[in-house]
Amino acid sequence: MSAGALTMLEAGFRCPLLFLGFCFSWELAMSMDNHSDTTLPGVLGLIDISIAKIESMMLALGVILMATNTVANVIGRFVFQNSIFFSEELNRFLIVLITFSGISYAARQGRHIRMSAIFDKLMSPARKVLMIIIAICTAVIMLALAYFSFSYILTVAKSGRVLPALQIPVYWIYLWVPVGLFLTGLQYILTAIRNITSKDIYLSSQVLEGYSEDEYEV
């Protein structure tokens, strides 16, 4: 297969990414608008809503920019015979942004993988206690990882390394790592508080324990 045919095939596969990226971002924005209210009281509710808005902005912006950048690079390579020189480095930055903001978003939606064989066999009071312990331990781990990742960023910043194409400091790529881990830690703290102050058991500050229609107990 010729190089031109391969490029056309690549464009055919990647161009729908732009449309899918916009669709995902629109759905995400609508979803966050629909869940902008919080069941947490006072300051905790304000923190919860603020985190939700930050997550939605980071995810929507990251997906749209990555889809646009990828498609533009393919079109530039095919139509103008010249790809965008900084496309790969920009996508590296966006992958980190989407990944670590997605961790916090998944925590708020209670969508992280659960291994609940023992948990599901316990009585309700024991499940509540275990859920509080899990949330607190997870929050501590996330905040510790945020601290260590921030320390690593400081080390990289002192090295003075820059990206070859964009000519920006390398540590800029990793700035979203401690941010995403810190927001995830806050989500699990809110989950622990929600379970302490509520009669029901919550997987997150907003999601009750249980299995949705698209989830199955294994």
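This section reports on the structure supplied with the text.

Here is what the cut-offs are and how they apply
- Residues numbered from 1 in each chain as written.
- Predicted model: local features only at pLDDT ≥ 70, side-chain atom pairs only at ≥ 80, totals over all residues.
- Heavy atoms only, no water.
- Helix = DSSP H or I, 4+ residues; strand = E, 2+ residues; numbered from the N terminus.
- Buried < 20%, exposed > 50% of the residue type's maximum accessible area, 1.4 Å probe, protein only.
- Patch = residues over 30% accessible without salt bridge, like charges linked within 9 Å, V, L, I, M, F, W, Y side chains within 5 Å.
- Areas by Shrake-Rupley, 256 points an atom, 1.4 Å probe, with all protein chains shown as cover.
- Salt bridge = Lys/Arg side-chain N within 4 Å of Asp/Glu carboxyl O.
- Expected span 1.5 Å × (residues − 1).
- Axes fitted to C-alpha atoms, helices over the stretch in contact; angles between N-to-C directions.
- Left-handed = near helix turned anticlockwise from the far one by under 90°.
- Contact = heavy atoms within 4.5 Å.
- Nonpolar A, V, L, I, M, F, W, Y, C, P; charged D, E, K, R; others polar.
- Phe/Tyr/Trp six-rings, centres within 6.5 Å; stacked < 30°, edge-to-face > 60°.
- Lys NZ or Arg CZ within 6 Å of the ring centre and 35° of its normal.
- Parallel < 35°, antiparallel > 145°, perpendicular 65-115°, else oblique.

**Here we look at unusual backbone geometry**
Unlike most non-glycine residues, Gln-167 shows phi in positive territory, near 60°. Its place among the elements puts Gln-167 in the loop between helix H4 (124–159) and helix H5 (176–197).

**A short note on the environment of Ala-144**
Checked against the element boundaries, Ala-144 lands in helix H4. Owing to a relative accessible area of 30%, Ala-144 belongs among the partly exposed residues under this scheme. Expressed as a C-alpha distance, the spacing of Ala-144 and Leu-181, which sit 37 residues apart in the sequence, is 8.8 Å.

**A short note on a nonpolar patch on the surface**
Residues Ile-75, Phe-78, Val-79 and Phe-80 make up a contiguous nonpolar surface patch of about 390 Å² in total accessible area. Topologically, Phe-80 is positioned in the loop between helix H2 (42–79) and helix H3 (87–109). On the basis of relative accessible area, Phe-80 is assigned to the exposed category, the value being 64%.

**Concerning H3**
Along its 23 residues, H3 runs 32 Å from first to last C-alpha, staying within 8% of the 33 Å computed at 1.5 Å per residue. Phi for Gly-110, located one or two positions after H3, is positive at around 65°.

**Brief notes about the packing of H2 against H5**
Interhelical geometry of H2 versus H5 gives an angle of 145° and a closest axis separation of 11 Å. Like other packed secondary-structure pairs, H2 and H5 cross with a definite hand, here left-handed. On H5, the residues that touch Leu-44, Asp-48, Ile-51, Ile-54, Glu-55 and Met-58 of H2 are Trp-176, Val-179, Leu-183, Leu-186, Gln-187, Leu-190 and Ile-193. Taken together, the residues of the contact of H2 with H5 sort by class into 10 nonpolar, one polar and two charged.

**Let's talk about the packing of aromatic side chains**
Counted according to the given criterion, the structure contains three aromatic pairs. Here the aromatic rings of Phe-85 and Phe-86 are separated by 5.1 Å at their centres, their planes lie at 90°, and the arrangement is edge-to-face. The class of Phe-85 is exposed, set by a relative accessible area of 62%. A centroid spacing of 6.1 Å and a plane angle of 70° characterise the contact between Tyr-152 and Tyr-174, whose relative ring orientation is edge-to-face. In this pair, Tyr-152 sits in helix H4 while Tyr-174 sits in the loop between H4 and H5, placing the two residues 22 residues apart along the sequence. We classify Tyr-152 as partly exposed; its relative accessible area is 45%. Classification of Tyr-174 as partly exposed rests on a relative accessible area of 25%. The ring centre of Tyr-202 lies 4.2 Å from the NZ or CZ of Arg-194, which sits over that ring.

**Some points on the packing of H3 against H5**
Their axes nearest at 8 Å, the elements H3 and H5 cross at an angle of 0°. Taken together, the axes of H3 and H5 are roughly parallel relative to one another. In this structure, H3 uses Phe-93, Val-96, Leu-97, Phe-100, Ile-103, Ser-104, Ala-107 and Arg-108 to contact H5, whose residues at the interface are Trp-176, Val-177, Gly-180, Leu-181, Leu-183, Thr-184, Gln-187 and Tyr-188. When grouped by side-chain class, the residues that make up the contact of H3 with H5 number 11 nonpolar, four polar and one charged.

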